[in-house]
Amino acid sequence: MFAFAIYNIHTKALFIARDIFGIKPLFYTIVKNELVFASEIKALFEYPGVEKKFNEQCLSSYLAFQYNPLTETFYRGIFQLLPAHYLEFTDNLKLTHYFKFNYNLDDNLKETDALNMLESTLKDSISHHRLADVEMGSFLSGGIDSSYLAANSQVKKTFSVGFEDHRCNELPLARELSQYLDIENYQKVITKDEFWHTIPTILNILDEPVADPSIIPLYHLTKLASQHVKVVLSGEGADELFGGYNIYQTPLTLAPTKIIPFFLRKGLKNILIKTNYEFKGKQYLIRAGQKIEERFIGNAFIFQNHELKKLIKPQWPIYPPQVLTNAYYRDVAKKDDITKMQYIDLNFWLRGDILRKADHISMANSLEVRVPYLDKEVWAISSILPTNLRVNKKATKYIFRKMAAKSLPLQNSERKKLGFPVPLNEWIKEEQYYQPIKELFNSKSAQKYFNCDYLNYLLDEHYQGIHNNARKIWTVYIFLTWYNRNFD
């Protein structure tokens, strides 16, 4: 992981580079032909002449992705250096894309050989990431990624957070695994009030709005860990490399619909999108009428194109998210749909959501997070795995689970992906949270950018239990809260 700058005092040339995954951030702007750069956007505003101007071009993309996927940030004229890029600056700025994730799938690779290569490479990566002059710990949920790290890294301390709601609480699983491994486990239960009161702090740390609710438990997790260690291991990247998200099984579940000509499936999809009538299987039929390039822009697709037109006022630009993802789909045009989905997540979701929150939140709590799965040697192994060894009807992250079963109890190695579950669905229905959201959705800021009637419709439909709109409501709520703090 790296983001670094080298200045040549003889040629007066500046060279800046960022690692291939985007583990470490880097932002820059140009003021009067001077390049200003930093690891946080807020640092740039300390430089004379850097102005804080809202960038409306980001809004529709944020509402689709739940984070800003563009090179230009929510602040006009301030850019991020994308992962696997370097920048050269003298009198002009030149960007170079120095690495691409190329899949060279080896369909002849035997399962036993793949398992042995993966195990050897991962243990080597973990060993290298353990090198430190201070005590190291590990994050631990009940999931397979963090569990495997805890079991194979020889750490003595692990850290876990959860909620009072038992459906969103992985603490018992983390405690059981820690006892099984005979290591310490420090835990924290996050209350509702703590969750909501942390939002302003999170928005200040991130500089841009990111509507992933798991950022808030991550903040409390890093804060907890920082009280005991200076460095932790974390499981970011395993899902993107080895096919861990449940959504990656969608192409397999949709396979039976391919006996129906696509034009008929597409026609039915167009009809269903226009109707408000809900029934079991509706979303399945809609997905069956869409090509992967249309329906998948990454792990989050909050507002669809037809919804953006209802939500955003006509004077503001709307850019279909596919405009951004199509160029990446062309890179993997000959690959299967599951591989295509992983490639999109590697280039969007991983750097825009997963790694953005991990670095900014941990650094805010003076904690160094190391990610052994995001290692170039580990990527090299994952890039040759046949699709069925990554995702099949039996399981996501298939070969990874088989490997992990050697050192973990079955309840951990076979557990489905949960992420950081947050009980937003129920909380938004509670009066103490519903009313402030309602007020914000009818504020001057909301009226400036959004069709407030549509916002109120989404909120009230959710409040009455008609439809779960929690992610849509949260995405708009986070944006408006951030906007009011920065520009109003």
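Everything below is about the structure printed above this text.
Residues numbered from 1 in each chain as written. Predicted model: local features only at pLDDT ≥ 70, side-chain atom pairs only at ≥ 80, totals over all residues. Heavy atoms only, no water.

Time to look at the packing of aromatic side chains. Going through the model one piece at a time under the given rule, you end up with 52 aromatic pairs. Ring centres 5.6 Å apart and planes at 75° place the aromatic pair Y245 and Y248 in the edge-to-face group. Side by side, Y245 and Y248 carry an identical accessibility label, which is buried. Taking the ring centre of F262 as reference, the NZ or CZ of K291 above it sits at 5.4 Å. Stacked on the ring of F400, the Lys or Arg K397 has its end atom at 5.4 Å from the ring centre. (Phe/Tyr/Trp six-rings, centres within 6.5 Å; stacked < 30°, edge-to-face > 60°. Buried < 20%, exposed > 50% of the residue type's maximum accessible area, 1.4 Å probe, protein only. Lys NZ or Arg CZ within 6 Å of the ring centre and 35° of its normal.)

Nonpolar side chains tend toward joint burial in soluble globular proteins. Grouped together as the largest cluster of nonpolar side chains are 140 residues, with contacts concentrated most on F21, L63, F195, W196, F450, W474 and F479. Ranked by the residues each element gives to this core, the list is headed by helix α26 (residues 470-487), at ten residues. When sequence neighbours within four positions are dropped, the list of residues in contact with W474 reads F195, W196, I199, A211, D212, P213, I216 and L424. (Core = buried A, V, L, I, M, F, W, Y, C linked by side-chain atoms within 4.5 Å. Helix = DSSP H or I, 4+ residues; strand = E, 2+ residues; numbered from the N terminus. Contact = heavy atoms within 4.5 Å.)

Glancing now at the side chain of E208. Relative to the assigned elements, E208 resides in the loop between α7 (199-206) and α8 (215-226). A polar contact of 2.7 Å, which involves the side chain of E208, links it to the backbone nitrogen of F74. (Polar contact = N/O pair within 3.5 Å; in protein donor to acceptor, adjacent residues only side chain to side chain.)

Applying the stated rule across the entire model yields 22 salt bridges. A salt bridge links K192 to E430; its shortest N-O distance comes to 2.9 Å. With K192 in helix α6 (residues 192-197) and E430 in the loop between α22 (424-427) and α23 (431-440), the pair connects residues that are 238 residues apart, well separated along the chain. Looking at K192, the relative accessible area reads 25%, which means it is partly exposed. Classification of E430 by relative accessible area gives partly exposed; the value is 24%. The salt bridge partner of R356 is E208, with a shortest N-O separation of 3.1 Å. In this pair, R356 sits in helix α17 (residues 349-364) while E208 sits in the loop between α7 and α8, placing the two residues 148 residues apart along the sequence. Neither R356 nor E208 differs from the other in exposure class; each is buried. Each of E40, K42 and D207 takes part in salt bridges that share partners, so that together they form one network. (Salt bridge = Lys/Arg side-chain N within 4 Å of Asp/Glu carboxyl O.)

For the pair helix α25 (residues 452-463) and α26, interaxial distance at closest approach is 9 Å and the crossing angle is 135°. Classified by the angle between their axes, α25 and α26 sit oblique to one another. With respect to the hand of their crossing, α25 and α26 are arranged in left-handed fashion. Residues L455, L458, L459 and H462 of α25 form the contact with α26, whose own contacting residues are A470, K472, I473 and V476. (Axes fitted to C-alpha atoms, helices over the stretch in contact; angles between N-to-C directions. Parallel < 35°, antiparallel > 145°, perpendicular 65-115°, else oblique. Left-handed = near helix turned anticlockwise from the far one by under 90°.)

This next bit is on the pairing of strand β2 (residues 13-18). The pairing of strand β1 (residues 3-8) with β2 spans six bridges and is antiparallel. By the bridge assignment, I6 is partnered in β2 with F15. In this antiparallel pair of consecutive strands, β1 and β2, the connection spans four residues, and K12 shows a positive phi of 55°. Across four bridges, β2 lies against strand β6 (residues 85-89) in antiparallel orientation. Counterpart to F15 in the pairing with β6 is E88. (Pairing = 2+ DSSP bridges.)

Turning our attention to the sheet that holds strand β12 (residues 368-370). Across a sheet, paired strands are connected by hydrogen bonds in the backbone, their directions being either parallel or antiparallel. Strand order across the open sheet formed by five strands is β10-β9-β8-β11-β12, with parallel pairing between neighbours. Strands at the two margins of the open sheet, each flanked by one partner only, are β10 (184-190) and β12. Here the average twist between neighbouring strands, direction ignored, is 30°. Sheet topology places strand β9 (residues 157-163) next to β10; seven bridges connect them, and they run parallel. If you follow F163 over to β10, its bridge partner there is I190.

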